[in-house]
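# Examination of the molecular architecture
Listed below, chain by chain, are the residues.
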Amino acid sequence: MNIQPCIRTEGLIYRYEPGYPALNGIDLEIPEHAYLGIIGQNGSGKTTLVKHFNGLLKPTAGEVWVYGRATSSRPVSELARTVGYVFQNPDHQIFGATTREEISFGPRNLGLSEAEVEERTEEALAAFDLEAYAELPPAVLGFGLRRKVSVAAVYAMRPPILILDEPTSGLDWRSARELMALVDRLHAQGHTIILISHDMRLIAQHTQQTLVLQEGRVLLYGSTREVFQQHEVLQQAQITPPQINQLASRLADCGLPQDVLTVAEFCQAYNRLKEARE
Amino acid sequence: MSLLYDLYQPGDSWLHRLDPRVKFIFVLCASLLLLLMRSLWVMLIALVGAQLILLSGGISWRRIGWVWRMTLPTMVLIAVLWVIFYPGEGQALLSWRFLRITPYNIAEGLAVALRIGALAFILFIWLFSTSQSALIRGLVALGLPYTWGLTLAMALRYLPTMAGIFQLISDAQRARALELDQGNPLRRARAHLPIVVAMLITALRTAQNLSLALASRAFGAQRKRTHLHPLHFRPLDGLLLAGILLATAALLWARLALGLGQEPL
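Residues numbered from 1 in each chain as written. Chains lettered and ligands numbered in written order. Predicted model: local features only at pLDDT ≥ 70, side-chain atom pairs only at ≥ 80, totals over all residues. Heavy atoms only, no water.

## Considering the domain arrangement of chain A
Residues and elements named next belong to chain A. Once the domains are mapped, chain A shows domain 1 (5-235) and domain 2 (242-278). Relative placement of domain 1 and domain 2: their C-alpha centres are 32 Å apart. Here domain 1 meets domain 2 over a buried area of about 760 Å², counting both sides, of which 66% is carbon and sulfur. Viewed at the interface, domain 2 and domain 1 are joined by one salt bridge. Residues Arg-225 and Glu-265 are paired through a salt bridge, measuring 2.8 Å at the closest nitrogen-oxygen approach. Counting every contact that joins domain 1 to domain 2 gives three residue pairs in polar contact (both at pLDDT 80 or more). Contributions of two or more residues to the side of domain 1 that touches domain 2 are made by helix H7 (200-206) and helix H8 (224-227). The leading source of residues in the side of domain 1 that touches domain 2 is H7, at four residues. (Domains from an automatic or database assignment. Buried area = accessible area lost by both parts, 1.4 Å probe. Salt bridge = Lys/Arg side-chain N within 4 Å of Asp/Glu carboxyl O. Polar contact = N/O pair within 3.5 Å; in protein donor to acceptor, adjacent residues only side chain to side chain. Helix = DSSP H or I, 4+ residues; strand = E, 2+ residues; numbered from the N terminus.)

Here's what the structure looks like:
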């Protein structure tokens, strides 16, 4: 089956100021319904790249297309219908007097009817398990809940593409796991998910494709499984694959596959190996 | 990033070596004179002079350009509104209903606008060439309580940071389809409300975290503070200070007794 790209970039260059470009010739196709992880060192261009997808930044040179339409001439408010962007820090978007008001802000900006705004808000509150906090000011909630509110507020706009910038930073293990379960569910529902993270275990566990950026260029792009096998190339970008992947690689002589991404996969492979030997 | 995140530009120019107290007194004297005078030519000389001081002090064009970008929109707005709402004296160049444009009110509007620019640049002479610690030491040496000095220095230090956060918050709200440049001025002003409220929440949270961080690093434990690098008032600093005070006194006398710079033209 030929899957059409929902986002395509060609020769994308971006400079914040005259001088060295933050993005230096990015050619990329992101298929629809992808679950893409973007990794790279600080300053490698991850956030700069995704800000082009919803039009917050316009290319200095080259072009970006979202569903076949160039972003350069489209306002952010129009692109926001298609591309939802959850910022790294929830406090950069929270302003509502109540969580309900905060979540309804985006749908209301889309010009929907009051009934539709209400329906989407209630659905988002339920999907993210935020009903108990609906009438509380989101600014006083704990960080994990504020993060949830910020994702729910973008989810309520129902964009087919959802970008999450470091969604689990500052969250404890349980909150991170809950949030990522919700993101997985959104992907299963058909959303295209783009995830920026420095947590390699998270990327390995959840994403299907991975893009590695280094100094504004694409270093690697492919399935997450393939990318995390390129240990030497990853080293160029100072990236270390998840420990379980490294362990499997070192035990390759014993017959373990080198493309293991999670502990569960490692255990399965080990059990298969044990059964085969018995 | 397009914004400056630290106002101070490290360097070793004559401006950097100047005692921070002298620079602060210069800012006060120059500001007083600019507020007392109304002449377009005085404002122009002050603005050009401030640029020359910054350049000779090794301050980069990037920083100077940043101040221009910050002040120019306000300067243009003031010049235009002044001409519209303050009918001038003398022969009118254009007269229509309440609008009466004369060379006098054009010059007056330009002088007020240039005064804003000159005041900003004079303040930035001090801020661009003085590190935060030197700035506090200077103010404390002039008699300001240390906590007040630190508060002021931190407020100034956080100006560019807050400008960066403002940009981030604007982007976050625009990403939720908020249109900032649509409709009449009232609607545009109201559209900024989500940004202003989020900004206030972030500012309060930052202030709280900062106060806790200061307290946890034993701020206020010692009533009398010592300094690692005490200020040294050199003979050259004394000479420049005397020059600044003499020039200010002379210009004040000329303004009050002779009416120098009293009229826009």
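What follows picks up the thread again.
## Observations concerning the interface of chain B and chain A
Contacts between the two partners involve 21 residues from chain B and, on the opposite side, 25 residues from chain A. For the pair chain B and chain A, the summed buried surface comes to about 2100 Å²; carbon and sulfur atoms form 59% of the total. Per-residue buried area on chain B facing chain A is highest for Ala175(B), Arg176(B) and Arg205(B); these three make up 33% of the total on that side. Residue Asp171(B) is joined to Lys51(A) by a salt bridge in which the shortest nitrogen-to-oxygen separation is 3.7 Å. Elements represented by at least two residues in the side of chain B that touches chain A include exactly helix H7 (146-174) and helix H9 (193-216) of chain B. It is H7(B) that contributes the most residues to the side of chain B that touches chain A, seven residues altogether. Taken together, the residues that form the side of chain B that touches chain A break down as 12 nonpolar, three polar and six charged. (Contact = heavy atoms within 4.5 Å. Nonpolar A, V, L, I, M, F, W, Y, C, P; charged D, E, K, R; others polar.)

## A word on the sheet that holds strand S5 (residues 69-70) of chain A
Residues and elements named next belong to chain A. Strand order in the open sheet formed by four strands is S2-S1-S4-S5, with antiparallel pairing between adjacent strands. Both outer strands of the open sheet, strand S2 (23-31) and S5, are each paired with one neighbouring strand and no more. Direction of pairing for strand S4 (residues 61-66) relative to S5: antiparallel, over a ladder of two bridges. Counterpart to Val-66 in the pairing with S5 is Arg-69. Most of the contacts of helix H1 (residues 46-53) go to S2, to which it runs at about 55°, and overall it touches strand S1 (5-14), S2 and S4. (Pairing = 2+ DSSP bridges. Axes fitted to C-alpha atoms, helices over the stretch in contact; angles between N-to-C directions.)

## Considerations on helix H3 (residues 99-109) of chain A
Those residues of H3(A) not exposed but buried are Thr99(A), Glu102(A), Ile103(A), Ser104(A), Phe105(A), Gly106(A) and Pro107(A). Against the buried residues of H3(A) lie helix H4 (114-127) and helix H5 (143-155) of chain A together with H7 and H9 of chain B. Among the residues trailing H3(A), Gly111(A) stands out with phi positive, at a value near 80°. (Buried < 20%, exposed > 50% of the residue type's maximum accessible area, 1.4 Å probe, protein only.)

## Examining the nonpolar core
Within the largest apolar cluster, 44 residues are counted, with the highest numbers of intra-cluster contacts made by Ile103(A), Phe128(A), Leu164(A), Val212(A) and Phe228(A). At the level of secondary structure, the elements contributing two or more residues to this core comprise strand S3 (35-39), H4, H5, strand S7 (161-165), helix H6 (173-188), strand S8 (192-196) and H7 of chain A. The residues touching Phe128(A), leaving out its near neighbours within four places in the chain, are Lys148(A), Val151(A), Ala152(A), Tyr155(A), Leu182(A) and Leu186(A). Ranked by size, the runner-up nonpolar core spans 39 residues in total, among them Val27(B), Met75(B), Ala107(B) and Leu156(B). (Core = buried A, V, L, I, M, F, W, Y, C linked by side-chain atoms within 4.5 Å.)

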